[in-house]
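These are the residues of each chain, in order.
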Amino acid sequence: ERTQVISLDYVYSAETASKIANNYMRQNALPSRSVEYRSNLSYGFLELGDIIEIDDSDIGLSNAKCQIISKRYEGSSWIYGVLVEENPILNIRPII
């Protein structure tokens, strides 16, 4: 049996703790990779933790659900680090 204990300050709600635990398990259950994307300023409303859909034919993604894990402003654009979960149920890859 493999267990992981996570201690968090300032989490008092069971509902919040459950959401954090589910997110943690999801991030660590399947292989994943991170990719960086440059966007124009109109996407500046996106925040860390947001789930977005991405199309990127270079790496075989079509409507793939991904999570924003980093964000920085560079010049006249935003650079987003995106976590791509290798989940064949959620992110179906086209067969070429």
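Residues numbered from 1 in each chain as written. Predicted model: local features only at pLDDT ≥ 70, side-chain atom pairs only at ≥ 80, totals over all residues. Heavy atoms only, no water.

1. Here we look at the environment of Arg72
Tracing the sequence through the fold places Arg72 in strand S3 (residues 61–74). Arg72 sits in the partly exposed class, given a relative accessible area of 38%. Other than its neighbours up to four places away in sequence, Arg72 contacts Glu36, Ser77, Trp78 and Ile79. A polar contact is formed between the side chain of Arg72 and the side chain of Glu36, at a distance of 3.0 Å. (Helix = DSSP H or I, 4+ residues; strand = E, 2+ residues; numbered from the N terminus. Buried < 20%, exposed > 50% of the residue type's maximum accessible area, 1.4 Å probe, protein only. Contact = heavy atoms within 4.5 Å. Polar contact = N/O pair within 3.5 Å; in protein donor to acceptor, adjacent residues only side chain to side chain.)

2. A word on the side chain of Ser39
Among the structural elements, Ser39 can be located in strand S1 (residues 32–39). For Ser39, a relative accessible area of 15% puts it in the buried group. Ignoring any residue separated from it by four or fewer positions in sequence, one finds Ser39 in contact with Ser77, Trp78 and Tyr80.

3. Quick look at the nonpolar core
One recurring pattern in soluble globular proteins is that nonpolar side chains are buried together. One finds Val35, Leu46, Ile52, Ile54, Leu61, Ala64, Cys66, Ile68, Trp78, Tyr80, Val82 and Val84 forming the largest nonpolar core, which totals 12 residues. Contributions of two or more residues to this core are made by strand S2 (51–56), S3 and strand S4 (77–85). Sequence-distant contacts of Tyr80, that is, excluding residues within four places in its chain, are made with Val35, Glu36, Tyr37, Ser39, Tyr43, Gly44, Leu46, Ile68, Ser70 and Lys71. (Core = buried A, V, L, I, M, F, W, Y, C linked by side-chain atoms within 4.5 Å.)

4. Thoughts on the packing of aromatic side chains
Scanning the model with the defined rule gives 2 aromatic pairs in all. When the centroid spacing of 5.4 Å and the interplanar angle of 70° are considered together, the rings of Tyr73 and Trp78 count as edge-to-face. Classification of Tyr73 by relative accessible area gives partly exposed; the value is 48%. (Phe/Tyr/Trp six-rings, centres within 6.5 Å; stacked < 30°, edge-to-face > 60°.)

5. Concerning the pairing of S3
Bridge count for S2 against S3 is 5 bridges, and the pairing is antiparallel. Paired with Ile52 across the two strands is Cys66, which belongs to S3. Counted between consecutive antiparallel strands, the loop separating S2 from S3 contains 4 residues, among which Gly60 sits at a positive phi close to 75°. Summarising the sheet, S3 and S4 pair through 8 bridges and their orientation is antiparallel. Note that in S4 the partner of Cys66 across the bridge is Val84. Where S3 folds back onto S4 in an antiparallel hairpin, the turn is made up of 2 residues, including Gly75, whose phi is positive at roughly 65°. (Pairing = 2+ DSSP bridges.)

6. Overview of the environment of Leu8
Its place among the elements puts Leu8 in the segment before helix H1 (14–29). The class of Leu8 is partly exposed, set by a relative accessible area of 43%. For the pair Leu8 and Ile20, spaced 12 residues apart in sequence, the C-alpha separation works out to 9.8 Å.

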